[in-house]
Each structure stands twice: as structure tokens, then as C-alpha cells.
Amino acid sequence: MINIKDKYVVLGLMSGTSMDGLDISCAEYYKINNRWAFKFLKGETFLYNKSIKSDFLQLFSGQKNVEEVDIKFAHVMSDFIISFLENHNLNPDLISSHGHTIFHQPDNGYTLQIGSGKIIAERINIPVVNNFRQQDIDLGGQGAPLVPIGDKFLFSEYAACVNLGGIVNISYDYNNSRIAYDICPCNIILNYLSQKQGQEYDHKGSIALKGEVNKDLLKRLSAINYYKLSFPKSLGKEYIDQEFLPIIDSFKLNPRDLLSTYVEHIAIIIANVLSDYNISNVLFTGGGVFNSYLISRIRYYTNTEIIIPSSQLINFKEALVFGFLGLLRYLNQPNCLGSATGASQNHCSGDIYVV
């Protein structure tokens, strides 16, 4: 058990919808004048091999057993954690793991993040918190997004925070509450289209830069029903596969034009949100920030000040915030905001495994 003390060193683990690797952050969390603050210590991304990605996809399509992959992936994560701790000579108080989302169906009352916390705790001999989303769904919420409480407490100097990951999400204060939601798919589709061009991803947006925007496809994408929904709302791989990809695939364009059009779509949808809520400045993080063409198109469509932080924060903000969520859970303090997820109340969510 962790002793109640002034400072806590916590590992945050994040595996996103892009399926590229496991982000591990290590940070020290503490309070100054009764306000939470953090000191980032180390961060590292451990890339997934083809076998891990294949497990995810086969599990999603029902070709693999959930329990089997849950255990296998927990051992993979544990190996990564052991390497991380040895590489950086760290001794954290707690591990907080988002795991990897396989299913996210809040309307059906169900979500699943694999990577058994029990096995990680046994292997590493450090307390583990995981499974942050299910309790929120049980309370009538979307189970997402969960990062807003970290945005509110750790990044309050920004009017809004946007993460350009597999999915774009945003959080900001609105009517005296912190709200948040998924804006649109991002790298999950950009990577899908890049692979049609024989690339894992579109480095700096160089492929999209050479393409032409197809106005008919742009119009079809903007008409997707998700954009008509009011918040709280969230996106999952299932919805993206059913609603976005068939539209994109129905246009027999070369991959350059598809990428260029989808970058334009992301930029317009984000800019619309920033404009609708008069957001003065916004912190951008997530792997999509390294797509300089995408950032340039967002800047083209908005007057909002876009703040790009250090590469450490770009890469590890989500892992850093999940470390914070795990700490709040361990301290039995609220770590999920009903105003962001649509749950009936703020609550303290996550399963704790103590060796």
C-alpha cells in the first residue's frame, strides 16, 4: 500500500487507438497551495510488433479469446515496464494503466481495455490501477473522455486541451463545468490511408501535402451523423469502421487525395469547435501534432492561438494524465467528471491490485 504523503511517483501507461505502441510516463505528483502539480521525470514509447497488432485486430473481430489476449498483453506490458524501470533507474509508488481498448460500446453498457492489472501487479510487485471506464458507463456515462480531470487540475492555464491521437478529443470549461468529448477520428484513419500508399503513417503530412482535396468526399464526411450529436459523446473503432471507412472507401481516389481530403476534414471540424465556443488558446498534444501539414491546415481555419509544447508533453500527456487518474483512485478522490462523460455524478473509478 502507498503511505499518504506529500509526493507520489507514478507510472502512467497508455495504449491508443493508433495501435503503434505503449507510452510509459513517469512523473512526480504533488500539491502547491492545495493545487495539484507535476514534475515529468521520464517517458518512453515501446513499439508493438506485428504479433501484438494482429492479436488486437483478431480479438476485435472475434477470432481470438479475450482472456487469452488479456493475459498475454499484460505480460508484454510487464516486460516493457521492467525495461523502462531498469533503463531509467526508477522506483515508482504506483502503476496506472489505461490498457488497450478493444471494445467501446457505451450505448450497450460495455467497454473493454485489455492488459490484466492483476498480472502486472504480480510481475512488477507494485500496486496497479486499471479499468477506469466501466464504472462510468454503469453510471450512465460514455466511459470517455477521462483525461479532462487532468486537464482541469494539471493544465488549467490553457482555455482548452486537444489531443490529436487515434481520435481527436477536447476538453474545456463551459457553463462552470469541465466538458469534453471526441471531436473526430484522426490518426486511426490517417494511418489506414497511409498504409494504402505503402507507409505506416504519413510523416509530417508529406503525402497529404501532395494530394488534392475532393469536395464531394469532404461534404459526405461532414454529413456523418456523429457531428449532429450534442456532447457528451465518444467515438470507438466500431463506429469509425461502420460510418467513416465505408464513405472513404467508396471514393476511388488515389491515397494522396484521400489523405489530403481527410486532413482538411479534421482541420475544419476542429476549427468549427474552437470557433463555436470562442476558445482563446488551446494546448495541442498527441502524435498528430508531428503532422506539420495537419497543424498548418488547422491554423488556416482558426484564429485561436494554438500552443505546441515540448515533444515530451506531446508524446506523453495522455500517459501522464492516466498516471494522475490512478493516483486519485488510490487516494479515493474523484477522478471522473460527470460533466465530461455524461455520468450521473462525479466518481472515483478504477480497479486496484495490490500485491
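The text that follows walks through the structure, step by step, so that each part is easy to find. Note that the structure is predicted; figures quoted are calculated from it, not measured.

About the criteria used
Residues numbered from 1 in each chain as written. Predicted model: local features only at pLDDT ≥ 70, side-chain atom pairs only at ≥ 80, totals over all residues. Heavy atoms only, no water. Helix = DSSP H or I, 4+ residues; strand = E, 2+ residues; numbered from the N terminus. Rg over C-alpha atoms; globule rule 2.2 N^0.38 Å. Buried < 20%, exposed > 50% of the residue type's maximum accessible area, 1.4 Å probe, protein only. Contact = heavy atoms within 4.5 Å. Areas by Shrake-Rupley, 256 points an atom, 1.4 Å probe, with all protein chains shown as cover. Lys, Arg positive; Asp, Glu negative; His and termini not counted. Charge placed at Lys NZ, Arg CZ, Asp CG, Glu CD. 1 Å grid on protein atoms, 1.4 Å probe; cavity = no way out; pocket = protein on both sides within 12 Å on 5 of 7 lines; lining within 4 Å. Points joined across faces, edges and corners; volume = space filled by probe spheres on them. Core = buried A, V, L, I, M, F, W, Y, C linked by side-chain atoms within 4.5 Å. Nonpolar A, V, L, I, M, F, W, Y, C, P; charged D, E, K, R; others polar.

## A short note on the overall build of the chain
- Of the regular secondary structure elements, the chain holds 13 helices and twelve strands.
- Compactness check: the chain gives a C-alpha radius of gyration of 19 Å against a globular reference of 20 Å for 355 residues, within 12% of the reference.
- Each principal axis of the C-alpha atoms in the chain carries an extent, and together these give about 60 × 45 × 40 Å.
- Classification of the 355 residues of the chain by burial places 58% in the buried group.
- For the chain, the share of sequence-separated contacts (at least 6 apart) that also reach a separation of at least 24 residues comes to 69%.
- Of the roughly 15400 Å² of accessible surface on the chain, 45% is carried by carbon and sulfur atoms.
- Side chains of the chain carry 30 positive and 34 negative charges; the gap between the two charge centres is 4 Å.

## Regarding the layout of surface pockets
- Its volume calculated, the second largest pocket comes out at about 330 Å³.
- In this structure, the second largest pocket is lined by 16 residues; those nearest its centre are H104, P106, D107, S234 and Y239.

## Concerning the nonpolar core
- Judged by nonpolar contacts, the single largest core of 50 residues is most densely connected at L164, I170 and F284.
- If we skip the residues at most four places from it in the chain, L164 touches C186, N187, I270, F284, T285, G286, G287, G288, V289, L294, I295 and I298.
- Core analysis: the second largest hydrophobic core is formed by 34 residues, Y29, A319, F324 and C336 among them.

## Digging into empty space enclosed by the protein
- Overall, the coordinates contain two cavities of 30 Å³ or more when judged by the stated rule.
- Size it by volume and the largest cavity reaches roughly 70 Å³.
- Mapped by element, the contributors of at least two residues to the lining of the largest cavity are α5 (148-154), β7 (160-164), β8 (167-174) and α12 (311-330).
- Of the residues that constitute the lining of the largest cavity, the class distribution is seven nonpolar, three polar and three charged.
- Of the volumes computed, that of the second largest cavity is approximately 30 Å³.
- What lines the second largest cavity is simply I52, D55, F56, V69, K72, F73 and V76.
- Secondary-structure elements contributing two or more residues to the lining of the second largest cavity are α1 (50-60) and α2 (66-88).
- For the lining of the second largest cavity, the element with the most residues is α2, which contributes four residues.
- Partitioned by chemical class, the residues of the lining of the second largest cavity number five nonpolar, no polar and two charged.

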